[in-house]
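Structural characterization, general
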Amino acid sequence: MVAIQDPELLIEETEPGDEEEAQNIRYEIMSFPTDFTVKVMHEKWASSQLVIPDYQRRYVWNIRQASRLIESFLLGLPIPQVFLFREHSNPTLYVVDGHQRLSTIARYYDGQFSTTREFRLTGVNSPWENKSYTELSENDRTTLDDATLRSIVIRQILPNDNTSVYQIFERLNTGGTQLNPMEIRRVIFRKAANKLLDRLNDNSDWRKLIGTAEPDPRYRDVEVVLRVLALSENRGNYRKPMKKFITDYMEILDNLDDEHIEHIEHKFKTACTMVRAQLGEKPFHLRQRLNLAALDAVMASTVELVDSINPDLATAYEGLQVDKEFIETVTHNTSDVSVLQERLKLARCAFTA
């Protein structure tokens, strides 16, 4: 199998890619255009009714790009529409596409391009060059305030969840470096899940187990944490594709109460400490690369059984590594339901006290 090429994290490919696991889910979506004025957009931003999700891809426009957008509004030129997602029974609008445009509007109205730079228009027509919002003439401020930005508001009717926003975001953001599944999840889920996963991914024992000192810049190690939690908590409901299974679990995780979150965190950290102490560093690099199937079998089982675990994990894992049936389940078609359930069963039997 070919490995994912990354100087920090090399993962052995033992399961189909996303394209091979394509879904055929049909959605019923309601969408409608809304012409918010620029001023209303800023007011919604300022009152947290309009939210850029907790997503680490930063504001990347430079001052000239941002100034040209504001100038386009002042000139009356059309601006590409933005896409906003509204959840069931939640009036908040989450930005699916339009992060840079909406952030630029907010920064100009607030007067700060960055923490160290005031937002003055740069590289624009002379009437507006070097002017902040408050320095525009009254007529120009009115023109900017009243300019409209076409917004497409999306609501999912069926199925009764928010899974379509994942598909929408993935398809809208196809230019440049395409977002991977975990980056998209970080757009969709904003509350407990991202914070918990980041904390667990920073755990020193976990980092030694996966063999990288620093977090992966594109969150693939965070995705592995999510995979372990999903299989430890929800393995009985596993269905292909793996991508959808762990996305569905992240929605569950995002809505758990604090007590449940603390319980999951305790189990995961305890499991990492136990596995690291007995199996050493990089125990799941079976062929010089991180084997996700071996990792998820051992880690998900250890997390699940953490209070009743076999005290001799090292001997149990050595037995699995020479078990032909287990080796088969971690090297071929590892996302198939029967293969995954079989390796989890073998691991649980080996690790049960």
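The structure under discussion appears in the preceding block.
Residues numbered from 1 in each chain as written. Predicted model: local features only at pLDDT ≥ 70, side-chain atom pairs only at ≥ 80, totals over all residues. Heavy atoms only, no water.

When helices and strands are tallied, the chain shows 15 helices and seven strands. The proportion of buried residues among the 353 residues of the chain is 51%. Long-range pairs, those at least 24 residues apart, make up 74% of the contacts in the chain with a sequence separation of at least 6. As displayed, the chain offers around 17000 Å² of accessible surface, 48% of which is attributable to carbon and sulfur atoms. (Helix = DSSP H or I, 4+ residues; strand = E, 2+ residues; numbered from the N terminus. Buried < 20%, exposed > 50% of the residue type's maximum accessible area, 1.4 Å probe, protein only. Contact = heavy atoms within 4.5 Å. Areas by Shrake-Rupley, 256 points an atom, 1.4 Å probe, with all protein chains shown as cover.)

Moving on, we get to helix α13 (residues 313-321). Listed in full, the buried residues belonging to α13 are Leu313, Ala316, Tyr317 and Leu320. End-on view of α13: buried residues confined to an arc of 95 degrees, all on one side of the axis. Those residues of α13 hidden inside the fold are in contact with α11 (258-279), α12 (292-304), α14 (324-329) and α15 (337-351). (Arc of directions from axis to C-beta.)

For the rest of this paragraph, the subject is the packing of aromatic side chains. Scanning the model with the defined rule gives eight aromatic pairs in all. Note on tryptophan 206 and phenylalanine 268: the rings are 5.3 Å apart at their centroids and 55 degrees apart in plane angle, and the pair reads as tilted. Here the residue tryptophan 206 occupies a position in helix α8 (residues 204-210), and phenylalanine 268 occupies one in helix α11, the gap between them amounting to 62 residues. Residue tryptophan 206 is classed as buried on the basis of its relative accessible area, which comes to 0%. Judged by relative accessible area, which is 0%, phenylalanine 268 ranks as buried. Measuring from ring centre to ring centre gives 6.0 Å for phenylalanine 284 and tyrosine 317, while their planes differ by 70 degrees; the resulting arrangement is edge-to-face. Of this pair, phenylalanine 284 sits in the loop between α11 and α12 while tyrosine 317 sits in helix α13; the two residues are 33 residues apart in sequence, bridging distant segments of the chain. For tyrosine 317, a relative accessible area of 3% translates into the label buried. Geometry around tyrosine 59 places arginine 107 over its ring, the cationic atom sitting 3.9 Å from the centre. The cationic tip of arginine 186 hangs over the ring face of tyrosine 219; the distance from NZ or CZ to the ring centre is 4.2 Å. (Phe/Tyr/Trp six-rings, centres within 6.5 Å; stacked < 30°, edge-to-face > 60°. Lys NZ or Arg CZ within 6 Å of the ring centre and 35° of its normal.)

With that out of the way, let us pick up the sheet that holds strand β1 (residues 28-37). Reading across from one edge, β1-β7-β3-β4-β2 is the order of the five strands in this open sheet, with mixed pairing throughout. Only two strands of the sheet have a single neighbouring strand rather than two, namely β1 and β2 (50-51). Pairing geometry for β1 and strand β7 (residues 148-158), over 10 bridges, is antiparallel. Considered in β7, the bridge of glutamate 28 is made with leucine 158. Contacts from helix α3 (residues 99-110) reach β2, β3 (82-86), β4 (93-97) and β7, with the element oriented near 125 degrees to β4. (Pairing = 2+ DSSP bridges. Axes fitted to C-alpha atoms, helices over the stretch in contact; angles between N-to-C directions.)

Let us look at the nonpolar core. Ranked by internal contacts, the top residues of the largest apolar core, which has 60 residues, are Trp206, Leu229, Leu253 and Met299. When residues of this core are assigned to their parent elements, the largest contribution, nine residues, is made by α12. Setting aside chain neighbours within four positions, we find leucine 229 in contact with Leu196, Leu197, Leu200, Tyr249, Leu253, Ile264 and Phe268. Of all hydrophobic cores here, the second largest spans 31 residues; its members include Ala66, Ile70, Leu102 and Leu149. (Core = buried A, V, L, I, M, F, W, Y, C linked by side-chain atoms within 4.5 Å.)

It is worth spelling out a nonpolar patch on the surface at this point. Together, Met30, Phe32, Ile157 and Leu158 give the surface a local cluster of nonpolar side chains, amounting to about 320 Å² of exposed area. Those elements that place two or more of their residues in the nonpolar patch are β1 and β7. Of note, phenylalanine 32 is situated in strand β1. On the basis of relative accessible area, phenylalanine 32 is assigned to the partly exposed category, the value being 32%. (Patch = residues over 30% accessible without salt bridge, like charges linked within 9 Å, V, L, I, M, F, W, Y side chains within 5 Å. Salt bridge = Lys/Arg side-chain N within 4 Å of Asp/Glu carboxyl O.)

Any functional reading would require information that these geometric values do not contain.
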